[in-house]
Amino acid sequence: MGKARGSTGNKSADIARKKLTLVKNNPFERRFGRDKHRVLNRRSGAGMGTGAAAATGANARVLGQPGVQKGRALLKRQDTLLREFRTKDKDNLLLDRRIGREGQDQEAGQVARFALEKKFQAKRASVFQLGDEEDASDVLTHFGRNLEEIERYDNPASDDEDQDDRQAKALEASFVSESHFGGFMTKSDVEFAEGKANTRQQWIESMISESKRKKAEKQKSQAENQDLTQDLDQKWKSIWGQVKTDGHIHTKQTKDAAEAAVKPEQPDPYDVLVRELTFETQGKVATERTKTQEEIIREEKEKLEKLEVARRQRMEGELETPALANQAEVDDEESASGEEESEGEEEQEDEEEEGEQEDDHSDLEDSDEDMEPTEKSSKSVKKKVWQSPSIDEKVKIMEEARREIPYTFKVPQTFEELAGHFSQRSPQDHSTIIQRIIKCNHPQFGDNNKLELQTLFACLLQYVNDCAIDFDPDINEDNESEELVQTIQAIVPHLYDLAHFSPQPAAKAISGVLQEKYEEYAKHPKNSLAFETLIFLKITCLLFPTSDYRHPVSTPAFQWITKYLSHGRFTTRSAIASGLFVSSIFVEGIRLSKRFSPELLNFLVGLVYLSFPKDKTQVTPFVPPFKCVGNEAEVLAPKLNAKCAPGPLSMKDTKTSDDMDETFVSSTLSAALRLIGDLIDLWWDLPSAHEVFRFVPNFLSKLCPSRLHETIGNQRDEILQKLERLAQKRRKVIQPERKRPQVLRQLEPEIDDNFDPFVKKRVGSREKLELSKLLHKTKREKKGAKKEIRADAAFIASQKAKDRRELDLERTKKTKAILSSLGNQEGDVRKLQRKKSRMK
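Residues numbered from 1 in each chain as written. Predicted model: local features only at pLDDT ≥ 70, side-chain atom pairs only at ≥ 80, totals over all residues. Heavy atoms only, no water.

**Describing the overall build of the protein**
Worth spelling out the cut-off: Helix and strand assignments come from DSSP, with helices taken as H or I runs of at least 4 residues and strands as E runs of at least 2, each series counted from the N terminus. Computed with a 1.4 Å probe, the accessible areas rest on the Shrake-Rupley method; for each residue, only the protein chains presented here act as cover.
A count of helical and extended segments in the protein gives 29 helices and two strands. Split by element, the accessible area of the protein, about 64,300 Å² in all, is 52% carbon and sulfur.

Structure follows, in structure tokens:
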């Protein structure tokens, strides 16, 4: 019986082959898909994994068998990606990449290396070239033209030579062609024989004589030019002595010349226009650059140092030079010149503008005024003759120098040192001293100046506090009180500059002062604010922003003001004046933020409430701190008089103990009405503005017109008109936002008359369809690329894990081997020990 076809005779091998065939053709590992449409030249993925076509070629695409395809992708990654991963940090191959080392002689190698180096340099230089690559090569040019394009190298004549000289120098073309380079040989002997020309010898002789004649003429013309030049030089030297210092040449004019000068020729309009444009361009060019702030500060410091050196020399009597003798006059005029400098500059600018308008065409006119020296130049030449001062004058100058304010100061470290500088000085001198201290110790110069100026800021605050405490109009004279107020006014601007240098330390210092003053006020909250407290509240509003929603210095100050306006006892002259002072500060502070404050409005309307008499049979309700009944309810009413005109309130009113007079009452009511008008303007846009000012007309209408001055009456009428317009103002009713109802979607089918289910609908232009197609392809490519990247990353991760496992397994094996070896050694040692014990 023969063997079956395909049988090897070995039953086990046949069974294994059949099992392998069954595994390869496992229907559960096959995937089939159907194509909707068969497209020409496109490989279909539906059922193309059967038969021999699926297994032809190692790289053939296998369709319908995902396992086989995945295995091939894994093998491909092992051949490519894994190999790169293994050798990415390894380089065990040495290559000789030197040029000219293999099969070339030494000279050829040098040439090759030189060519490569030139190529590398040209590549680096081409990065900075703006032209094309063709223009990047080195090209020699002359006046923008390539030397290769220029075939003639003529030597053109200079511009100084005349046209006649050029013609004289250049030989005629006919003369050159007939006389030079054998040109005379063109004449044949036949022509000489026929008598048409002289003999050859005569021709050569005539040519030589002609050349000598031209050479002699050239030498003669050069000699004549030299004689003319020398003659011109002699004439110029003769008139050089007549040139004056003003740059003009003064000569005697004849009568005809004088008449011609009186009637100048009319200039050409074109020349006038050209010169105007030239002058306009020159006027726009800046002569000097603007100095920076640092340079200005440095120059001011150097100037003060020079003035201080001169003052010390005058104090010691060193008056050897006119500069030092006249330095006292310069120092006295320094402050005045600074004030008059701005006015002088404005006047000078006006004069220059007028002069420019008059002198637009002055350079085109030939007048005799330019020929005469001006009076200004003669005056400027005069100089004051210096004479050595006498002994009395010298002593006087020394005393004046000692009384002068020093020009340089060190920053005072203590309050006593600062008070020593200010002692027996006027308020203007105080400002000058502080200004010079800041200039000489500006933070720009370093040397810990910033910290020292912070100390100066604290000392100035203490000095202001002492001046405010000393201010007492009941004890001091009027001049002393005014001098203290002027001192405070002179110091406050410099406090602003110092706070600008160090904002945080300045805020901390002001906060500390306000905290101290508030603790003193809290002991007696019904009393009026102290004068020094009012000063520091004003300084706070000047140094720090008041429009912030929350500020660490300004906000507590305003809270203190509102507490004072709502809890104070306003029955005396000083209390009412203090309330109006802090109210004006409050209005100025909320001018930008327009913040609403009911305490402020209640206080101002309360002053109006105190200005009219009350009916004893009726009680007019009002908000505290004002009383509804009693003498305190009409403090201002008895002194209100129509004949007394209102005036500005003084700082003395905040600290005086005098009773209220008619002028003070009129001024108080006028100030209150003015501040109420300002509040109406500030809070005009508030939604509740009408309700806020609703009760104001009731109190204004109770003011008796016969007892009001004309100015106060006009203010009252103006406020009433504003409130009427405010009441008529149309206000927007506040309503919740209405949401528009959502429209239900209309589910109506879109009917297409020409509908074809086998044709995809494409709407749009050709460009739009191409773009959508390109976007779709890009999306598919990106999707495939991401898939491949994820597969590569997973392969690398699995390979790393596999390597780690192999290393761990190898380490475990080695550890076990070592432990086994150690165990064997331990057993051997114990065996030897037992033998030794037995032998004993």
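**Focus on a positive patch on the surface**
What counts here: Each patch groups residues whose relative accessible area exceeds 30% and which form no salt bridge, using 9 Å between like charges and 5 Å between nonpolar side chains of Val, Leu, Ile, Met, Phe, Trp and Tyr. Here, a salt bridge means any side-chain nitrogen of Lys or Arg that lies within 4 Å of a carboxyl oxygen of Asp or Glu. Lys and Arg are tallied as positive, Asp and Glu as negative. Neither His nor the chain termini are counted. The location of each charge is read from NZ of Lys, CZ of Arg, CG of Asp or CD of Glu. The buried label applies to any residue whose accessible area, calculated with a 1.4 Å probe on protein chains only, is under 20% of its type's maximum; exposed applies above 50%, and partly exposed to all values in between.
A cluster of basic residues, K779, R780, K782, K783, K786, K787 and R790, forms a positive patch at the surface. Relative to the elements of secondary structure, K787 occurs in helix α29 (residues 766-839). You can call K787 exposed: its relative accessible area is 58%.

**Details of the pattern of salt bridges**
On inspection of all chains with the given rule, the structure shows 21 salt bridges. Of the charged contacts in the structure, one is a salt bridge between E299 and K291, with a shortest N-O distance of 2.8 Å. Looking at E299, the relative accessible area reads 37%, which means it is partly exposed. Residue class for K291 comes out partly exposed when judged on its relative accessible area of 43%. Residues joined by salt bridges that share partners form a network here, namely E210, R213, K214 and E217.

**Side note on the packing of aromatic side chains**
This is how the line gets drawn: Think of it this way: a Phe, Tyr or Trp ring, Trp meaning its six-membered ring, pairs with another when their centres are within 6.5 Å, and the plane angle makes it stacked under 30 degrees, edge-to-face over 60, tilted otherwise. Note on geometry: a ring has a charge over it if NZ (lysine) or CZ (arginine) is within 6 Å of the ring centre and within 35 degrees of the ring normal.
Counting across every chain of the model gives 18 aromatic pairs. Considering the side-chain rings of F558 and F586, the 5.0 Å spacing of their centres and the 55° angle between planes classify their relative orientation as tilted. Pair noted here: F558 is in helix α22 (residues 554-567) and F586 is in helix α23 (residues 573-589), with a separation of 28 residues, a long-range link. Each member of the pair, F558 together with F586, is buried. Taken together through their ring pairs, the aromatic side chains of Y518, Y521, W560, Y564, F570, F603 and F626 make up a single cluster. Taking NZ or CZ as reference, K614 lies 4.3 Å from the ring centre of Y609, over its face. Positioned above the aromatic ring of F612 is the side chain of K614, whose terminal nitrogen or guanidinium carbon lies 4.4 Å from the ring centre.

**Side note on the nonpolar core**
Test applied: Working definition of a nonpolar core: buried Ala, Val, Leu, Ile, Met, Phe, Trp, Tyr and Cys residues. They are joined through side-chain atoms within 4.5 Å. We call two residues contacting when some pair of their heavy atoms lies within 4.5 Å.
F457, L460, I510, L537, I539, L679 and F693 are the most contacted members of the largest nonpolar core, which totals 103 residues. Broken down by element, the residue count for this core peaks at eleven residues, all from helix α25 (residues 662-682). Once you skip the residues sitting within four places of it in the chain, F457 turns out to touch L495, L498, A499, A506, A509, I510 and L543.

**Some words on unusual backbone geometry**
Backbone phi values are negative for most residues with the exception of glycine, while trans is the configuration of most peptide bonds. Even without glycine at this site, Q424 takes up a positive phi of about 55°. Structurally, Q424 is set in the loop between α16 (415-422) and α17 (427-440). A residue is classified by how much of its surface remains accessible, and Q424, at 84% relative accessible area, is exposed. Positive phi, close to 55°, is recorded for K594, a residue that is not glycine.

**Remarks on a negative patch on the surface**
A grouping of D474, D658, D659, D661 and E662 is seen on the molecular surface, where their side chains present a negatively charged patch. Structurally, the position occupied by D661 is in the loop between α24 (598-609) and α25.

**Observations regarding the confidence of the model for the protein**
Detailed conclusions should not be drawn from predicted coordinates in areas where pLDDT is low. Rule in force here: Residue-level confidence of the predictor is what pLDDT reports, using numbers from 0 through 100.
Confidence along the protein averages 77 in pLDDT terms, with 69% of residues attaining 70 or more. Scored below 50 in pLDDT, residues 46-57 makes 16 contacts in the model with residues more than four places away or belonging to other chains.

**Some details on a nonpolar patch on the surface**
Where nonpolar side chains cluster on the molecular surface, the patch consists of L771, L774 and L775 and spans about 310 Å² of accessible area. The topology assignment puts L771 in helix α29. Overall, the relative accessible area of 49% leaves L771 in the partly exposed class.

**Quick notes on the side chain of D803**
With respect to the helices and strands, D803 occurs in helix α29. The buried category is assigned to D803, whose relative accessible area is 16%. Leaving out residues up to four positions away in the same chain, D803 has contacts with F85 and R86.

**What about the packing of helix α20 (residues 503-523) against α22?**
Counted only if it meets this: Axes here mean lines fitted to C-alpha atoms, for a helix over just the part in contact, with angles spanning 0 to 180 degrees between N-to-C directions. Any angle that is under 35 degrees is reported as roughly parallel, and any over 145 degrees as roughly antiparallel; angles of 65 to 115 degrees are reported as roughly perpendicular and all others as oblique. For any pair of crossing helices, the crossing counts as left-handed if the nearer helix is rotated counterclockwise from the farther one by less than a right angle, and right-handed if it is rotated clockwise. Gly falls in the polar group here, along with every residue not listed as nonpolar (Ala, Val, Leu, Ile, Met, Phe, Trp, Tyr, Cys, Pro) or charged (Asp, Glu, Lys, Arg).
α22 packs onto α20 with a crossing angle of 20° between their chain directions and a minimal axis gap of 11 Å. With respect to their mutual orientation, α20 and α22 come out roughly parallel. Along this stretch, α20 crosses α22, giving a crossing that reads as left-handed. Of the residues in α22, those touching α20 at L514, K517, Y518 and Y521 are A557, W560, K563 and Y564. Tallied by class, the residues present in the contact of α20 with α22 amount to six nonpolar, no polar and two charged.

**A short note on the side chain of N449**
Positionally, N449 belongs in helix α18 (residues 449-470). Sequence-distant contacts of N449, defined by excluding residues within four places in its chain, comprise N441, H442 and P443.

**Structural notes on α25**
Which entries qualify depends on this criterion: Here the expected length of a helix is defined as 1.5 Å per residue gap, with one fewer gap than residues.
Helix length check: α25, at 21 residues, gives a terminal C-alpha distance of 30 Å against a target of 30 Å (1.5 Å per residue), a fit within 8%. Of all the 21 residues making up α25, 16 are buried; the element is thus mostly covered by neighbouring parts of the structure.

**Quick look at the packing of α20 against helix α21 (residues 531-543)**
At their nearest, the axes of α20 and α21 sit 11 Å apart, and the two run at 150° to each other. Judged on the interaxial angle alone, α21 and α20 are roughly antiparallel. For the crossing formed where α20 meets α21, the hand is left-handed. Where α20 abuts α21, its residues I510, V513, L514 and K517 lie against E532, T533, F536, L537, I539, T540 and L543. A class-by-class count of the residues in the contact of α20 with α21 yields seven nonpolar, two polar and two charged.

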